[in-house]
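# Examining the three-dimensional arrangement
Chain by chain, the residues run as shown.
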Amino acid sequence: MNNDSTIVIRPALGLEGSVRLPGDKSISHRYAMLGAIAQGTTKLENFSTGADCASTLGCVRTLGAQWERKDGSVVIQGRGPALQAPKSPLDCGNSGSTMRMLSGILAGQEFQSELIGDESLSRRPMARIITPLSDMGAKIKSQDGGRPPLHINGGRLKAIDYTMPVASAQVKTSLLFAGLYAGGETRVTESVRTRDHGEVALRAFGAELKHEGNTVEIAGGQELHGIEATIPGDLSSAAFFLCAAALFPGSQLSIPGLLMNPTRARLLDLLISLGVGISVTQLEETNGELIGTVQVEGRKLRSLTVSGADTAAVIDEIPVLAAIAPFSSEGIEIRDARELRVKESDRIAAVATNLRAMGAEVEEREDGLNIPGNQRLHGAELDSFGDHRIAMAFAVAALRADGHTKISKSDAAVISYPAFYEALESLLQR
Ligand code: S3P
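Rules used throughout
Residues numbered from 1 in each chain as written. Predicted model: local features only at pLDDT ≥ 70, side-chain atom pairs only at ≥ 80, totals over all residues. Heavy atoms only, no water. Helix = DSSP H or I, 4+ residues; strand = E, 2+ residues; numbered from the N terminus. Rg over C-alpha atoms; globule rule 2.2 N^0.38 Å. Buried < 20%, exposed > 50% of the residue type's maximum accessible area, 1.4 Å probe, protein only. Areas by Shrake-Rupley, 256 points an atom, 1.4 Å probe, with all protein chains shown as cover. Lys, Arg positive; Asp, Glu negative; His and termini not counted. Charge placed at Lys NZ, Arg CZ, Asp CG, Glu CD. Pairing = 2+ DSSP bridges. Domains from an automatic or database assignment. Contact = heavy atoms within 4.5 Å. Buried area = accessible area lost by both parts, 1.4 Å probe. Expected span 1.5 Å × (residues − 1). Polar contact = N/O pair within 3.5 Å; in protein donor to acceptor, adjacent residues only side chain to side chain. Axes fitted to C-alpha atoms, helices over the stretch in contact; angles between N-to-C directions. Salt bridge = Lys/Arg side-chain N within 4 Å of Asp/Glu carboxyl O. Near = heavy atom within 4 Å. Nonpolar A, V, L, I, M, F, W, Y, C, P; charged D, E, K, R; others polar. Core = buried A, V, L, I, M, F, W, Y, C linked by side-chain atoms within 4.5 Å.

## A few points about the overall build of the chain
If you tally the helices and strands in the chain, you get 13 helices and 26 strands. Taking 22 Å as the expected radius of gyration for a compact globule of 430 residues, we find that the chain reaches 21 Å, a close match to that expectation. A buried classification covers 60% of the 430 residues belonging to the chain. Here the chain has roughly 15,800 Å² of accessible surface; of this, 46% comes from carbon and sulfur atoms. Here the chain contributes 43 positively and 51 negatively charged side chains, and the mean placements of these two sets differ by 1 Å.

## Focus: the pairing of strand β2 (residues 14-18)
Judged from the two bridges that link them, β2 and strand β26 (residues 428-429) form a sheet pairing that is antiparallel. For L15, the partnering residue across the bridge sits in β26 and is L428. Of the strand pairs in this sheet, β2 and strand β17 (residues 252-259) are connected by three bridges, and their pairing is parallel. Paired with S18 across the two strands is S254, which belongs to β17.

## A few points about the domain arrangement of the chain
Interfaces are often described in size by the accessible area the parts lose on coming together. Its domain assignment divides the chain into domain 1 (6-22 + 232-429) and domain 2 (25-229). Computed from C-alpha atoms alone, the centre-to-centre distance between domain 1 and domain 2 is 28 Å. Between domain 1 and domain 2, the residue contacts involve 27 residues of the former and 28 residues of the latter. Buried area between domain 1 and domain 2, both sides added, is near 2,200 Å², and the carbon and sulfur share of it is 49%.

## Re helix α7 (residues 235-246)
The end-to-end C-alpha distance of α7, which contains 12 residues, comes to 15 Å, matching closely the 16 Å that a straight helix rising 1.5 Å per residue would cover. Taken residue by residue, α7 has L235, S236, S237, A238, A239, F240, F241, L242, C243, A244, A245 and A246 as its buried positions. Its side-chain oxygen at 2.8 Å from the backbone nitrogen of S236, D234 defines the N-terminal cap of α7.

## Brief notes about the sheet that holds strand β8 (residues 139-143)
Spatial strand order, β6-β7-β9-β8: four strands in an open sheet with mixed pairing. If you trace the sheet from one side to the other, it starts and ends with β6 (90-91) and β8, each paired once. Along the sheet face, helix α3 (residues 96-106) touches β6, β7 (112-116) and β9 (147-153) and points at about 180° away from the line of β7. Packed onto the sheet, helix α4 (residues 127-135) meets β8 and β9 and runs at close to 160° relative to β8.

## Brief notes about the pattern of salt bridges
Under the definition given, this model contains 31 salt bridges. When the shortest N-O distance is used, the salt bridge between K25 and D52 registers 3.3 Å. Of the two residues, K25 sits in helix α1 (residues 25-37) while D52 sits in helix α2 (residues 51-62), which places them 27 residues apart along the sequence. Overall, the relative accessible area of 10% leaves K25 in the buried class.

## So, the site of the ligand
The immediate surroundings of the ligand are formed by S26, R30, S97, R100, A167, S168, A169, Q170, R195, I315, D316 and K343. Between the ligand and Q170 there is a distance of 2.8 Å, counted from an oxygen atom to a backbone nitrogen or oxygen. In isolation the ligand offers 380 Å² of accessible surface; the protein chains occlude 94% of this area. Broken down by secondary-structure element, the contributors of at least two residues to the shell around the ligand are α1, α3 and α5 (169-179). When grouped by side-chain class, the residues that make up the shell around the ligand number three nonpolar, four polar and five charged.

## Topic: the nonpolar core
The biggest cluster of nonpolar side chains holds 147 residues, and the ones touching the most others in it are F241, F394 and F420. Considering each element in turn, this core owes the most residues, 10 residues, to α7. Residue-level mapping places this core at the junction of two domains, with at least three residues from each of domain 1 (6-22 + 232-429) and domain 2 (25-229). Not counting residues up to four positions away in its chain, the partners in contact with F241 are L15, V19, L21, L253, Y417, F420, A423, L424 and L427.

## So, the environment of T311
Tracing the backbone shows T311 in helix α9 (residues 308-313). Once the C-alpha coordinates of T311 and I231 are considered, the two residues, 80 residues apart in sequence, prove to be 25 Å apart. Setting aside residues up to four positions removed in sequence, T311 forms contacts with V306, I318, R335, D336 and A337.

So this is what it looks like as structure tokens:
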């Protein structure tokens, strides 16, 4: 890597080996926040190494929760439900999860707080949490009709019965966290099932929740207790290796200790229908989350359409699925993915731009992409657009291109997986 963090990726001949992933980002955020408002100590092993979860830890420290980090473990001294008024703005960095989910907790605090973010986060929509948290009684000011920074004036909340207009696990979790500070039962309904780590984590910390269909209900005033947990390997980070293995018929990859939560593991089913050989062994449950060992075998890739509830279930894995699409025999179509336009970058535009730079034919739509198969790609100069998942997705596509590929701002990978390039290199056959 050189100074402006441009990385050069050379084509590979195959992929073989075993890799263990740092802890899941979604779970690490939630455990860190709940650990801060729980009674007692929370001990977390295999905490996410990404900068996003470091942003969450930074915020909870500014809110008075002490923690220590050593190697992969984080030990948090819970303060109980009342946090300390922050003396400075809460810096969420690049992390939408930090801003949206922490807002739920801040809405219930008897003080004012300000949440700020980097340039990318400052463009992202926050009305989706501002509207329901305001209905619960929080006073929230934002910029330009719902962009960060957010100023939250919290206090005792009232319960609401809310149907989310956008499928978002961050919003659902934010409202359930706020529900802890509300009088009565807060109910959240989603149109399609999103990841349930918020619900699973709340139960692990001792809260009771009711679940019926796509509605979840939480009663206010429940006490949380610290937990000891080993965080399962991050499935969205593993996706880059799963897709890299998929590019090479005959490749063999093993990933132990990987998150297998059914609301996250849809990617495995989609890869199987694309043609990849996948088996899961050693399934176990830990603090309500499933983990297992995934074995992958590269085979000829056929075709795939991702739409509806599947799109929501693999929303973070779509960039890498799209990046390997030209190497399938019949192509991949992505539908119902408008949300990708308001992630860390406009991921639909970023994928189309980079694939075209590599010589691929791509149809870009408002809510998706259609990428024909059986295409030959050449190395090119690409941009990560400052987006971790775009950087890593194209490091994978570049493995099957003719010639070298340069990806600028490749260090965006630190947001979720700082050791990604080294781990990828260690698995490649040249
Ligand atoms: C996340 C939910 C998803 C996902 C994000 C993490 C979570 O976002 O894209 O990376 O941990 O709940 P939305 O809630 O906006 O769908």
